[in-house]
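Residue-level listing of the chains:
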Amino acid sequence: MIDRLTGLPGLENPLLWILAVPLGAAGFLAVLRDWRVASWVNVAASALTFIASLVLLRVRPAPTKLFFIDDFNVYLVVLTAFVGLTTSVFSAAYIARESEGNRLSDLHLRFYHAMYQAFLFTMLLALSANNTGVMWVAVEAATLTTVLMVSLYRTREAIEAAWKYFILCSVGIGLALFGTILVYLAAQPVMGDGADSMAWTEMMRRAAEFQPDLLNLAFVFVLVGYGTKVGLAPLHAWLPDAHAEGPTPISAVLSGLLLNVALYALLRFKMLLSANGQTLSPGPLLVVMGLSSLFLSAFMLYRRGDIKRLFAYSSIEHMGLITFAFGMGGPLANFAGLLHMTMHSLTKSAIFFAVGIISQNEGTKRIADIRGLTMSHPVLGWGFVLAVLAIAGLPPMGVFMSEFLVLGSTFSRQPLLALPLAIALLLAFGALISRLQMMAFGEPPPRSAVQSHAGRASSILALTPLWLHMALVLMAGLYLPAPLVAWFHTVARMLG
Amino acid sequence: MGAGQISYDVAHLIGATVLMAGLQLLYQRRLFAVINTFAFQALALAAAAGWQAHVQNAPHLYVTAGIALVFKAMIVPFALHWLIEKLGIHRSVETAMSIGWTMMAGVALVALSILLVLPVTANAAALTRESLALAMSVVLIGLLMMITRRNAVTQVVGFMALENGLILAAVSAKGMPLVVEISVAFSVLVAMTLFGIFFFRIRERFDTLDINDVETYRGDRQ
């Protein structure tokens, strides 16, 4: 009964392990001197977290005052733990090669590993929080940890990127806090003082009695606040810089996970508005922001010269698409949005794994200097081709299926909106394919043949997560297991 | 009404003082004056939190008041003074928008907040309503300051003024759980150390803290 009173989960609760393991590991890694050992401790801790998250699929702990697991967040917890694990494996290989070039000191590496686990902890905390305040604190902490990691290389560009990221996202989460306070004020007259008025489980039950005007005002603040962190246009300015200048494993988790977490926070508030029923509909706002992100990034993709920036803009595009889908609402569009969140996480992190190895091999991030990848590094090159084709939305990958569902459901309900959506998707497709052609095919520059022998073992280690993700994305495109589909449908209905 | 009326008036008075300090921030031309005004705002915020603790009979709000008093009104201004001396930062405020226009925009934001908040909070307690309008004005003015000032230090002060507005809103929301206040204060602490590190790093690499100079690098290197 202790967990009922304090709000903290008990020992038998998998949630405790999911949160305690990364937190403990962060503390341990902060004092561990040898970075080689540290990178494996990092993998081991991530693996433990992932195993604990799998237990959640079988055992659903009862909600406490501070934490809860329902059909919606359980899948994001598992996804986050999984990508966290594969990225930690990639990171071990990446760091091993990075330190060959002495780009990072031992102290920086110690710091990096501790921050990696702290970052996983904050994301899992945000996902499992039953209290809007705790959720906000977790998102803020996630920002702080990532700012520190983005500035890891200490170059002028990295510091500027981190500064921009920090200022914009601090303001964003400041506004999100104001929205959170307003939601509390809407709940407080109905449910009384105290923690109940901030608990999702309690608020959802009585949302219909909340004052709709106050919820409207709150949602505007939450949308701008968490929307900044999702990277929705016109609040996206921090995203390409932060992705481009940090270490590549961090770009992978930023793109694949953090954006999802921010979107999750936004969707929880949207569910509250839907449960109220008398508020303005949040749908059109999301649709407009989603579409503008799609268009902006589709055009920006054409002008990128930096490979990491290219895929950072592609993340804006896909977050725009997902937001659009949830904005349309209804069972089918929500289903597509949920599926696309998963597919984008897996594919985009796989792309960043590939990009990390490519930029280490070639010693550059400039697209113009990267040629003939399929010739010089076949396993890496074809994996990269597969991943980029997947993210561009080519069948039979999972991304194609979710994009097709978004487009199809939009077409059946709002044909006029389907047209700009299709145009933006095609524009982005063209940009990605033309860039891919330049990088993957043609004659490789002569020097890369010499370099490819260096660090072969770590290359294999780095390639495993890439191919694993791509196998999952391909499988999802060909066949989705029936229980998974049924479960996606349940969540889609929850989202309203 | 009696005691209720007094508690209401005092809360208003203090909340309005926080807002006045916010407006005052907008027309300072020297960096040290900006920091001193911020310290004054934090002092007023501490008073607001203390008064709410007394009125709501919520002792945990005294902690919030203490944090505002010790950390924001004392340590942060001292640290900023020290940083400016240490780094030899240019001591006048560089504006992206003239002070007259900034003041007018500030006043417009206050009007906007009142017009927005009062109608939608008809059900909330009267004490909460007006405080919320004041808090939202402070938040928006902090945002305005971040947009219209160029130096890194003034942007940071703008951000902290925004945070002051948030805490004013949080303490005025009746019975809001402790978790939030403590964590907000804690986050500010972390954020501040972070800023400190940033200043040093920026100083290591650049000759100036002017954000415009930092942002020479935009978009791609082709």
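Computed from a prediction, not measured in an experiment: that's the story for all the values here.

**Remarks on the overall build of chain B**
Inference 1: In terms of helices and strands, chain B carries 8 helices and 0 strands.
Inference 2: A separation threshold of at least 6 residues defines the contact pool for chain B, and within that pool the share at least 24 residues apart is 71%.

**Comments concerning helix H16 (residues 378-392) of chain A**
Residue and element names in this part refer to chain A.
Inference 1: Taking 1.5 Å per residue, 15 residues should reach 21 Å; H16 reaches 21 Å between its end C-alpha atoms and fits that length.
Inference 2: Burial within H16 is extensive, with 11 of its 15 residues counted as buried.
Inference 3: Turning to H16, its buried residues are Leu-380, Gly-381, Gly-383, Phe-384, Leu-386, Ala-387, Val-388, Leu-389, Ala-390, Ile-391 and Ala-392.
Inference 4: Positive phi shows up at Gly-393, right after H16, with a value of about 95 degrees.

**Examining the packing of helix H13 (residues 307-328) of chain A against helix H14 (residues 330-362) of chain A**
Residues and elements named next belong to chain A.
Inference 1: Running from N to C, H13 and H14 cross one another at 170 degrees; their axes reach a closest spacing of 8 Å. Classified by the interaxial angle, the pair formed by H13 and H14 is roughly antiparallel.
Inference 2: Considering only residue class, the contact of H13 with H14 consists of 13 nonpolar, 8 polar and 2 charged.

**Side note on the UniProt feature "transmembrane region" (unreviewed entry) in chain B**
Residues and elements named next belong to chain B.
Inference 1: On the UniProt side, "transmembrane region" (unreviewed entry) is annotated at positions that read residues 6-27, 34-54, 60-84, 96-118, 124-145, 152-172 and 178-200 here.
Inference 2: The span residues 60-84 shows a helical share of 100% and a strand share of 0%, and its end C-alpha atoms are spaced 35 Å apart.
Inference 3: Secondary structure across residues 152-172 divides into 100% helix and 0% strand, with the first and last C-alpha atoms of the span separated by 30 Å.

**A short note on the environment of Glu-245 of chain A**
All names here are of chain A.
Inference 1: Mapped onto the fold, Glu-245 is located in helix H10 (residues 238-245).
Inference 2: According to the C-beta neighbour criterion, Glu-245 is buried, with 28 such atoms within 10 Å.
Inference 3: Glu-245 sits 94 residues away from Ser-151 along the chain, and the two C-alpha atoms are 7.6 Å apart.
Inference 4: Those residues in contact with Glu-245, other than ones at most four positions away along the chain, are Val-150, Tyr-153, Glu-157, Ala-158 and Ala-161.

**Description of unusual backbone geometry**
Inference 1: Omega for the bond connecting Ala-233 of chain A with Pro-234 of chain A falls within 30 degrees of zero, at 5 degrees, which places this linkage in the cis form.
Inference 2: Among the secondary structure elements, Pro-234 of chain A is positioned in the loop between helix H9 (212-230) and H10.
Inference 3: Going from Pro-395 of chain A to Pro-396 of chain A, the amide bond is cis rather than trans, its omega being 5 degrees.
Inference 4: Backbone geometry places Asn-57 of chain B, a non-glycine residue, at a positive phi of 55 degrees.
Inference 5: Within the secondary structure, Asn-57 of chain B sits in the loop between helix H2 (31-56) and helix H3 (60-87).

**Topic: the UniProt feature "domain: NADH:quinone oxidoreductase/Mrp antiporter transmembrane" (unreviewed entry) in chain A**
Inference 1: The UniProt record annotates "domain: NADH:quinone oxidoreductase/Mrp antiporter transmembrane" (unreviewed entry) at residues 129-420 of chain A.
Inference 2: Secondary structure across residues 129-420 of chain A comprises 79% helix and 0% strand; the distance between its end C-alpha atoms is 37 Å.

**Observations concerning the nonpolar core**
Residue and element names in this part refer to chain A.
Inference 1: One finds Ala-126, Val-261 and Ala-354 to be the most contacted residues of the largest nonpolar core, which totals 246 residues.
Inference 2: A per-element tally of this core places helix H7 (residues 156-191) first, with 23 residues.
Inference 3: Setting aside its immediate chain neighbours within four residues, Ala-354 contacts Leu-380, Gly-383, Phe-384, Ala-387 and Leu-466.

So, how was this worked out
- Residues numbered from 1 in each chain as written.
- Chains lettered and ligands numbered in written order.
- Predicted model: local features only at pLDDT ≥ 70, side-chain atom pairs only at ≥ 80, totals over all residues.
- Helix = DSSP H or I, 4+ residues; strand = E, 2+ residues; numbered from the N terminus.
- Contact = placed C-beta atoms within 7 Å.
- Expected span 1.5 Å × (residues − 1).
- Buried ≥ 20, exposed ≤ 12 C-beta atoms within 10 Å, placed from the backbone.
- Axes fitted to C-alpha atoms, helices over the stretch in contact; angles between N-to-C directions.
- Parallel < 35°, antiparallel > 145°, perpendicular 65-115°, else oblique.
- Nonpolar A, V, L, I, M, F, W, Y, C, P; charged D, E, K, R; others polar.
- UniProt positions renumbered as here; feature names shortened; annotations may be inferred.
- Core = buried A, V, L, I, M, F, W, Y, C linked by C-beta atoms within 7 Å.

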